[in-house]
Amino acid sequence: MTIGVFVGSLLAAMALGMPIAYALLVCGLALMAFMAATGALPAFDSQILAQRFVDGADNFPLLAVPFFLLAGEFMNAGGLSRRIVNLAMAWVGHFRGGLGYVAVLAAIIMASLSGSAVADTAALSALLLPMMKQAGYQVNRSAGLIASGGIIAPVIPPSIGMIIFGVAGNVSITKLFLAGIVPGIMMGVAIGATWWWLARRENVQPAPRVAMGERLRITGQGSLALLLPVVILGGMKFGVFTPTEAAVVAAVYSFVVGYFVYGELKTSQLYGLVLAAGKTTAVVMFLVAAAMVSAWLITVANIPTEVARMLEPLMGNRLLLMLVMMVIIIVVGTALDFTPTVLILTPVLMPVVLKAGIDPVYFGVLFIMNNAIGLITPPVGTVLNVVSGAHQPRRCLQGRDAVLPGPDRRAVPAGAVPRPRAGAAQVADALRVCVSVPFRKTDPTKETRTMFKRRNLVTLLAGALLVAAPAFAQFQERTIKFTNGLNEDHPVGLGVKKMQEVLAAKTGGKMKIASFWGGAAGGDLQATQALRAGTQEMVCTSSSPLVGIVKELGVFDLPFLFSNEREADAVLDGPAGAYFNKKLEDAGLVNLAYWENGFRNLTNSRKPVNKVEDFDGIKVRVMQNNIFLDTFKTLGTNAVPMAFGEIFTALETRTIDGQENPFVTIETSKFNEVQKYLSVTRHAYTPFLVLYSKKLWDQLSPQEQAVLREAAMEGQKVERAANRTLNEKSLASLKAKGMQVNEVNAAEQRRMFDKVKPVYDKNVPAIGSEAVNVVLDALKKARGG
Ligand code: TK8
């Protein structure tokens, strides 16, 4: 049913002629309204939608989009594209069907320079199509060839499509980029082979062979353009820069070459080029932001699980599963534009991919390749439109401005055009696609069988309930949505399991917890905001990201506050803990219990940190509050606040060198895969808060509230114990997995403490001295003072 609302609202909005970005927002609204009405979501809250929307665009890797677009503009206007065509001409122009090979070779090279199929195709068709026509090639066939070559662009890096897939699916963009090279070249070879087959029958005089000396001269001219992909890929491969930085490098490089070296880029053009890239960026980013709203609701509504269940029969056969998913992508990709297809299908299919054990990078590259086919197939076929619109014979190689005259330069890149599609036939097409997929796999015999079983089960349960009903009358059927940024194998997973058991036993199965892991349904802060708005019941979060909401929580970020777990327990479980609970409640949050994240330690990819001086210059991610930021700045690092969910990718792409977290979190979040050094600094202890939405809490009966509190306290015992047992084990296994671990001796720890002392004085006013004193007093008591 939820799937029906998802697909139905999306298609209905599109049928009304709404641009896709708005259709996605309508889909989000519809899903939220439906879930609120059926009780799957506690409330409808437009503020949360707005928040998700803003968060959707607020993402570091996406910053690559405007720069790659700008690079494309500079390349076309600066004469780089033309030189690439010349170069291809010099080498393969003289074969039979030569101009066709020129188109393919140039497409491959251009693909490695630019991230957008539309920009490449626009440039190539403006240059080559008139030439091919003049030479006597069939226009339609030539246009088809250029269009087919154009769709190599999103596969060979850099690729805006891959950036968006990486962001939407949480997959390494660097890995996607590197994995796209060979498949992209294979696409070129395949297109070239097809052309060979077709061109045998064309009766066209090939261009004269270019003499070797001339060839080398032309290659020399184009070599500056050829160097760019080497710089970009090499830089990313060896960790010199991130994909985002690569985009900036590409833009600056193509500007310098076009402006200073070739001298074709004119100052007067700059404004127009930047404006064009800016406009396209706005379209892409708006689309991404809107898609993040529906993506969140898709996750919360459990649609991926439903889809996974439908694809269940295929789970054992990965090849078949891939095949089915790719067919879905191709079909949806023909009906929708490129980017919307990525944005809509990624959150739905990614969980299936992970569950089936398919490599997400492999899936991503195939996704992009098959989705690219949609660029040259009706009804949407953006690249087709470009080819048919872009060629203007009279401007054929008229000199430096031959490439991309007028409005074509503005042609929006792959997938970015929100175009109304009111045609009944197209809507019917899309409907058929989206509706037939989910139901295709049902096996009727199996269906009846499970129904039969289900009926038995229901009878049994009903009987049991009849007997037990009076005892559980004070409880209502409730499914509590719980989210967490960590993976399920973290001890928090055990704590939640315990809570589920307690709830099941004490409420006769009426109250249940539906848990979402790995930040799949939003990070700590987002979830906490949802709690305050009353659209989500529960979250387990570190105290630190919440300092913006309850400033007093900043106490726990003061460095070297606790020296062991016993002290932490004494403070948190005593009156001091109650003091913060009161503050949290005033902010709309009921804290059910303090669980444990634990003592934090620094990891980084540059050097072991043994002493204070070693912090110098390391780029470290810190939790999002000023006290942490201040601490790490004072220690000498280059500190960057960042949400937890972005850490892995940021480490992998070397946007940052390091991060700090407890051993168990480091291991369960797999940071060791992208970090070399682990220094046992124990510079802070972070508690976890198990929060419940106050708005929703007030709707619970006193019995329900009591059971929840009890469950959270039982969970606390399990979680803390597991965390502490696991702590040492995690350290050992991090070592075994290849991390280089160093202890920090007591004297050095003391020096670190001395260095960060000013952080206390500086931040106490912001935290409030009352809160600081409450904790310090409790701590004194705990220490026996
Ligand atoms: C997990 C976070 C995390 C925290 C952080 O959701 O942000 O570094 O330590 O463990 O709460």
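Refer to the structure above for everything that follows.
Here's a quick rundown of the structure. (Residues numbered from 1 in each chain as written. Predicted model: local features only at pLDDT ≥ 70, side-chain atom pairs only at ≥ 80, totals over all residues. Heavy atoms only, no water.)

1. Overview of the overall build of the protein chain
Link 1 in the chain: Scanning the protein chain from N- to C-terminus turns up 31 helices and eleven strands.
Link 2 in the chain: Taken over 785 residues, the protein chain has a buried fraction of 56%.
Link 3 in the chain: Restricting to contacts in the protein chain with at least 6 residues of sequence separation, those with at least 24 account for 78%.
Link 4 in the chain: Per element, the accessible surface of the protein chain, about 31000 Å² overall, is 62% carbon and sulfur. (Helix = DSSP H or I, 4+ residues; strand = E, 2+ residues; numbered from the N terminus. Buried < 20%, exposed > 50% of the residue type's maximum accessible area, 1.4 Å probe, protein only. Contact = heavy atoms within 4.5 Å. Areas by Shrake-Rupley, 256 points an atom, 1.4 Å probe, with all protein chains shown as cover.)

2. Quick look at the pattern of salt bridges
Link 1 in the chain: On inspection of all chains with the given rule, the structure shows 26 salt bridges.
Link 2 in the chain: The salt bridge involving Asp698 is made with Lys694; its shortest N-O contact spans 2.9 Å.
Link 3 in the chain: Since its relative accessible area comes to 48%, Asp698 is described here as partly exposed.
Link 4 in the chain: Notably, a salt bridge pairs Lys757 with Asp754, separated by 3.8 Å at the nearest N-O pair. Placement of both Lys757 and Asp754 in helix α30 (residues 746-767) is noted, with a separation of three residues, approximately one turn of the helix.
Link 5 in the chain: Classification of Lys757 as partly exposed rests on a relative accessible area of 39%.
Link 6 in the chain: We classify Asp754 as partly exposed; its relative accessible area is 38%. (Salt bridge = Lys/Arg side-chain N within 4 Å of Asp/Glu carboxyl O.)

3. As for the packing of helix α16 (residues 338-355) against helix α17 (residues 360-373)
Link 1 in the chain: Packing of α16 against α17 brings their axes to within 11 Å, and their N-to-C directions diverge by 150 degrees. Read as a crossing pair, α16 and α17 show a hand that is right-handed. Counted together, Phe338, Thr341, Val342, Leu345, Thr346, Leu349, Met350, Val353 and Leu354 of α16 and Pro360, Phe363, Phe367, Ile368, Asn371 and Ala372 of α17 form the full contact between these two elements.
Link 2 in the chain: The class makeup of the residues in the contact of α16 with α17 is twelve nonpolar, three polar and no charged. (Axes fitted to C-alpha atoms, helices over the stretch in contact; angles between N-to-C directions. Left-handed = near helix turned anticlockwise from the far one by under 90°. Nonpolar A, V, L, I, M, F, W, Y, C, P; charged D, E, K, R; others polar.)

4. Quick notes on the sheet that holds strand β3 (residues 538-542)
Link 1 in the chain: Strands sit in the order β2-β1-β3-β10-β4 across an open sheet of five strands; the sheet is mixed. Only two strands of the sheet have a single partner each, and these edge strands are β2 (511-516) and β4 (589-599). With strand direction ignored, the average angle separating the axes of adjacent strands in the sheet is 20 degrees.
Link 2 in the chain: Where β4 meets strand β10 (residues 685-693), nine bridges bridge the pair, whose relative direction is antiparallel. What sits directly across from Gly598, in β10, is Thr686.
Link 3 in the chain: Contacts from helix α29 (residues 702-736) reach β1 (478-483), β2, β4 and β10, with the element oriented near 5 degrees to β4. (Pairing = 2+ DSSP bridges.)

5. Quick look at a nonpolar patch on the surface
Link 1 in the chain: A cluster of nonpolar side chains, contributed by Val248, Val252, Val256, Phe260 and Val261, occupies part of the molecular surface with about 420 Å² of accessible area.
Link 2 in the chain: Its location among the elements puts Val261 in helix α12 (residues 243-261).
Link 3 in the chain: Given the relative accessible area of 48%, Val261 is considered partly exposed. (Patch = residues over 30% accessible without salt bridge, like charges linked within 9 Å, V, L, I, M, F, W, Y side chains within 5 Å.)

6. Description of the site of the ligand
Link 1 in the chain: Around the ligand, the structure places Gly485, Leu486, Asp524, Ser542, Asn597, Arg600, Arg621, Met623, Phe644, Asn661, Thr665 and Phe688.
Link 2 in the chain: Interatomic distance of 2.8 Å between a side-chain N/O atom of Asn597 and an oxygen atom of the ligand.
Link 3 in the chain: Between the ligand and Asn661 there is a distance of 2.6 Å, counted from an oxygen atom to a side-chain nitrogen or oxygen.
Link 4 in the chain: Surface burial for the ligand is 99%, taken as the share of its 300 Å² of free accessible area covered by protein chains. (Near = heavy atom within 4 Å. Polar contact = N/O pair within 3.5 Å; in protein donor to acceptor, adjacent residues only side chain to side chain.)

7. Quick look at the nonpolar core
Link 1 in the chain: Among the nonpolar cores identified, the biggest contains 155 residues, and Phe6 and Phe363 are the most heavily contacted of them.
Link 2 in the chain: For this core, the element with the highest residue contribution is helix α13 (residues 267-300), accounting for 14 residues.
Link 3 in the chain: Grouped together as the second largest cluster of nonpolar side chains are 55 residues, Ala527, Leu635, Val744 and Ala771 included. (Core = buried A, V, L, I, M, F, W, Y, C linked by side-chain atoms within 4.5 Å.)

8. Quick look at the packing of aromatic side chains
Each pair of aromatic rings is reported with the distance of its centres and the angle of its planes.
Link 1 in the chain: Under the defined criterion, the tally for this structure stands at 23 aromatic pairs.
Link 2 in the chain: Seen from their ring centres, Tyr579 and Phe580 are 5.2 Å apart, and the 90 degrees between their planes marks the pair as edge-to-face.
Link 3 in the chain: Each residue in the set Phe556, Phe562, Tyr579, Phe580, Phe599 and Tyr685 is aromatic and connected to the rest through ring pairs, giving one cluster.
Link 4 in the chain: One residue, Arg200, lies across the ring of Trp197, its end atom 3.9 Å from the ring centre.
Link 5 in the chain: Above the ring of Tyr677, the side-chain terminus of Lys676 is found at 5.8 Å from the ring centroid. (Phe/Tyr/Trp six-rings, centres within 6.5 Å; stacked < 30°, edge-to-face > 60°. Lys NZ or Arg CZ within 6 Å of the ring centre and 35° of its normal.)

9. Description of the pairing of strand β6 (residues 619-622)
Link 1 in the chain: Bridge analysis of β6 against strand β7 (residues 638-641) gives four bridges, and the strand direction is parallel. Residue Val620 lies in a different strand from β7, and its bridge partner there is Ala639.
Link 2 in the chain: The parallel pair β6 and β7 is bridged by helix α25 (residues 626-634), and the resulting crossover is right-handed. (Right-handed = clockwise from strand over helix to strand, strands pointing away.)

10. Here's the deal with unusual backbone geometry
Link 1 in the chain: Cis geometry marks the peptide bond from Pro157 to Pro158; its omega dihedral reads -5 degrees.
Link 2 in the chain: Here the phi dihedral of Arg682 falls at roughly 45 degrees; this positive angle occurs in a residue that is not glycine.
Link 3 in the chain: Mapping Arg682 onto the fold places it in the loop between β9 (677-680) and β10.

11. As for α30
Link 1 in the chain: In α30, a bend of some 35 degrees at Lys755 exceeds every other bend along the element, and Pro758, a proline, comes one to four places later.
Link 2 in the chain: The complete set of buried residues in α30 reads Glu748, Met752, Phe753, Val756, Val759, Tyr760, Asn763 and Ile767.
Link 3 in the chain: Buried residues belonging to α30 abut α25 and α31 (769-782).
Link 4 in the chain: Of the residues one or two after α30, Gly768 is the one with positive phi, at around 105 degrees. (Bend = angle between axes of the 7 residues up to and from the residue.)

12. What about helix α3 (residues 46-57)?
Link 1 in the chain: For α3, spanning twelve residues, the distance from its first C-alpha to its last is 17 Å, which sits close to the expected 16 Å at 1.5 Å a residue.
Link 2 in the chain: Buried positions along α3 lie against α2 (20-38), α13 and α22 (524-533).
Link 3 in the chain: With a side-chain oxygen lying 2.9 Å from the backbone nitrogen of Gln47, the N-terminal cap of α3 falls on Asp45. (Expected span 1.5 Å × (residues − 1).)

13. What about the side chain of Glu306?
Link 1 in the chain: Mapping Glu306 onto the fold places it in helix α14 (residues 303-310).
Link 2 in the chain: Buried charge without a salt bridge: Glu306, with Arg309 as the nearest opposite-charge side chain at an N-O distance of 5.8 Å.
Link 3 in the chain: Not counting residues within four places of it along the chain, the set of residues in contact with Glu306 comprises Met1, Thr2, Ile3 and Ala301. (Lys, Arg positive; Asp, Glu negative; His and termini not counted.)

14. Things to note about the environment of Ala12
Link 1 in the chain: Mapped onto the secondary structure, Ala12 falls in helix α1 (residues 2-15).
Link 2 in the chain: Counting along the chain gives 14 residues from Ala12 to Val26, while the straight-line C-alpha distance between them is 9.5 Å.

15. Observations regarding the packing of helix α9 (residues 160-169) against α16
When two helices pack together, their arrangement is given by the angle between the helix axes and by the axis-to-axis distance.
Link 1 in the chain: For the pair α9 and α16, the least separation of the axes is 9 Å and the interaxial angle reads 30 degrees. Between α9 and α16, the angle is such that the two are roughly parallel. The crossing of α9 and α16 is right-handed. Contacts from Gly161, Ile164, Phe165, Ala168 and Gly169 of α9 reach α16 at Phe338, Thr339, Val342, Leu343, Thr346 and Met350.
Link 2 in the chain: By residue class, the composition of the contact of α9 with α16 is seven nonpolar, four polar and no charged. (Parallel < 35°, antiparallel > 145°, perpendicular 65-115°, else oblique.)

16. Side note on the side chain of Arg478
Link 1 in the chain: Within the secondary structure, Arg478 sits in strand β1.
Link 2 in the chain: The class of Arg478 is buried, set by a relative accessible area of 19%.
Link 3 in the chain: Only 2.9 Å separates the side chain of Arg478 from the side chain of Glu704, close enough to count as a polar contact.
Link 4 in the chain: Once residues lying within four places of it in the same chain are set aside, the contact partners of Arg478 are Lys510, Met511, Lys512, Gln699, Leu700 and Glu704.

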